[in-house]
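Structural characterization, general
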Amino acid sequence: MATTALDLKDAILKLKQEKNAVILAHNYQVGEIQDIADYVGDSLGLAYKAKETEADVICFCGVHFMAETAKIVNPAKTVVLPDKDAGCSLEESCPGPELEAFIKQNADKNYYVIAYINCSAHVKALCDVICTSGNAVRIVEKAPEDRPILFVPDENLGAWVMEQTGRKMDLWKGNCYVHVEFTRDSINKIKKEFPDALVVAHPECTQAVRLLADEVCSTEKMVTYCKEAPVDNIIVVTESGMLNRLRKEAPDKNLIPGPTDKCACADCRFMKMNTLEKLHDCLDKLEPQVELPEDIRKRAEAPLLRMLEQSK
């Protein structure tokens, strides 16, 4: 007999109880995973939840760097993720050894390194403080005035933060492959269809798209923005999984997915690698597990804790 989604959900909840696990899901996960999670949020919210949890097992439904982040602040806990190959184009754009070499070559600059959380543990271990799209402005404002900033790996988020803070930074050449697929033309086209609509966009989008937006903010802040918007039609320019959560939290709004030039389906292939079946199997077998060399974990923990402290 075929297993139904309902059977799978029951089995997952049973396993969760047996293993004393918590299920954390990013806003970009598929709806059925969001529906079963204990907490759904952005990278900052998930980092807090990972730090606070009393569960023995953290099942992280997101991408690899997120599960690594949970392990960094919970070395004694078991951290699993449904698909070990769920990576991130931003993480890939800034390999640890390359950043390490760059910092050494430019040692005379004495960079204050701020890393967007979408990076590997190795990169986190090389930086002074971490940020997310939700707190990047605040973190940059708290950076020492007497040191130049190197912002890695997202050049679009970095450029937006420079616009907000007026603080000059050197930007690593990296981007999110999903968010750069939104273009000025694709957003203008949908705006013509819905002339009264407001546009909310993620700061990982290019400047050309950000300039068309009424609000640029993290996924978490999009929830508040959509709930409080004075109009019914809102064009949401970020990864498609966010619409699942927004439609639950702002049911009276007509939420329109921002299209790319190719389609109205801005899916992150990495985020969508996780499925209910894989979630069940990883809780059942407690693998794939995230393990980190202790020296890297320890060095990466300090900038992460600094971020949590500076974000309060």
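Structure: see above.
Residues numbered from 1 in each chain as written. Predicted model: local features only at pLDDT ≥ 70, side-chain atom pairs only at ≥ 80, totals over all residues. Heavy atoms only, no water.

1. Observations regarding the pattern of salt bridges
A full pass over the atoms with the stated rule returns 16 salt bridges. Here Asp-170 makes a salt bridge to Lys-168, at a shortest N to O gap of 3.4 Å. The partly exposed category is assigned to Asp-170, whose relative accessible area is 27%. Here the salt bridges share partners, and the residues they tie into one network are Glu-220, Lys-227, Arg-245 and Glu-249. (Salt bridge = Lys/Arg side-chain N within 4 Å of Asp/Glu carboxyl O. Buried < 20%, exposed > 50% of the residue type's maximum accessible area, 1.4 Å probe, protein only.)

2. As for the packing of helix H12 (residues 219-228) against helix H13 (residues 241-249)
It is at 10 Å that the axes of H12 and H13 come closest, and there the two elements cross at 35 degrees. The two elements H12 and H13 meet at a crossing, and its hand is right-handed. Contact residues: Thr-219, Glu-220, Met-222, Val-223, Cys-226 and Lys-227 in H12; Met-242, Arg-245, Leu-246 and Glu-249 in H13. (Axes fitted to C-alpha atoms, helices over the stretch in contact; angles between N-to-C directions. Helix = DSSP H or I, 4+ residues; strand = E, 2+ residues; numbered from the N terminus. Left-handed = near helix turned anticlockwise from the far one by under 90°. Contact = heavy atoms within 4.5 Å.)

3. Looking at the side chain of Glu-91
Mapped onto the secondary structure, Glu-91 falls in helix H5 (residues 89-92). Here Glu-91 is in contact with His-64, Phe-65, Asn-118, Cys-119 and Ser-120, once residues within four sequence places are set aside.

4. Quick notes on the packing of helix H4 (residues 64-73) against helix H15 (residues 294-310)
Running from N to C, H4 and H15 cross one another at 95 degrees; their axes reach a closest spacing of 9 Å. Classified by the interaxial angle, the pair formed by H4 and H15 is roughly perpendicular. Seen from H4, the contacting residues are Thr-69, Lys-71, Ile-72 and Val-73; seen from H15, they are Arg-297, Ala-300, Glu-301, Leu-304 and Leu-305. Classifying every residue of the contact of H4 with H15 gives five nonpolar, one polar and three charged. (Parallel < 35°, antiparallel > 145°, perpendicular 65-115°, else oblique. Nonpolar A, V, L, I, M, F, W, Y, C, P; charged D, E, K, R; others polar.)

5. Re a negative patch on the surface
On the surface, a cluster of negative charge is contributed by Glu-32, Glu-277, Asp-281 and Asp-284. With three residues, the top contributor of residues to the negative patch is helix H14 (residues 276-285). Note that Glu-32 resides in helix H2 (residues 31-36). (Patch = residues over 30% accessible without salt bridge, like charges linked within 9 Å, V, L, I, M, F, W, Y side chains within 5 Å. Areas by Shrake-Rupley, 256 points an atom, 1.4 Å probe, with all protein chains shown as cover. Lys, Arg positive; Asp, Glu negative; His and termini not counted. Charge placed at Lys NZ, Arg CZ, Asp CG, Glu CD.)

6. Quick look at the pairing of strand S1 (residues 21-26)
Among the six residues in S1, six count as buried, and that is most of the element. Of the pairings in the sheet, the one linking S1 to strand S3 (residues 57-61) comprises five bridges and is parallel in character. When the bridges of S3 are listed, Ala-21 appears paired with Val-57. Inspection of the sheet shows S1 paired to strand S2 (residues 39-41) by three bridges, in the parallel sense. Across the sheet, residue Ala-25 finds its bridge partner in S2, namely Val-40. For the handedness criterion, the β-α-β arrangement of S1, H2 and S2 is classed as right-handed. (Pairing = 2+ DSSP bridges. Right-handed = clockwise from strand over helix to strand, strands pointing away.)

7. Remarks on the pairing of strand S9 (residues 198-201)
Of the two faces of S9, the one lined by Leu-198 and Val-200 and the one lined by Val-199 and Ala-201 are each fully buried. Taken together, the four bridges between S9 and strand S11 (residues 233-237) define a ladder with parallel strand orientation. Along S11, the bridge assignment pairs Val-200 with Val-236. Where S9 meets strand S10 (residues 215-216), two bridges bridge the pair, whose relative direction is parallel. From the neighbouring strand, Ala-201 faces S10, where its bridge partner is Val-216.

8. Describing unusual backbone geometry
With an omega of -15 degrees, the peptide bond running from Val-152 to Pro-153 counts as cis. Residue placement: Pro-153 occurs in the loop between strand S7 (149-152) and helix H9 (155-165). For the peptide bond that leads from Glu-287 to Pro-288, omega is 0 degrees, which places it in the cis range. With phi around 50 degrees, Asn-20 is a residue other than glycine that occupies positive phi space. Assignment of secondary structure puts Asn-20 in the loop between helix H1 (5-18) and S1. When its relative accessible area of 36% is taken as the criterion, Asn-20 is described as partly exposed. Of note, the phi angle at Leu-286 is positive, near 55 degrees, even though the residue is not glycine. Within the secondary structure layout, Leu-286 lies in the loop between H14 and H15.

9. Structural notes on the packing of aromatic side chains
What the rule picks out here adds up to three aromatic pairs. Look at Phe-102 and Trp-172: their rings are 5.8 Å apart centre to centre, the planes differ by 85 degrees, and that puts the pair in the edge-to-face class. One end of the pair, Phe-102, is in helix H6 (residues 96-105); the other, Trp-172, is in the loop between strand S8 (169-171) and helix H10 (184-193), with 70 residues separating them in the sequence. Classification of Phe-102 as partly exposed rests on a relative accessible area of 26%. Judged by its relative accessible area of 10%, Trp-172 falls in the buried class. Three or more aromatic residues joined by ring pairs form one cluster here, namely Phe-102, Tyr-111 and Trp-172. Taking the ring centre of Tyr-177 as reference, the NZ or CZ of Arg-269 above it sits at 4.4 Å. (Phe/Tyr/Trp six-rings, centres within 6.5 Å; stacked < 30°, edge-to-face > 60°. Lys NZ or Arg CZ within 6 Å of the ring centre and 35° of its normal.)

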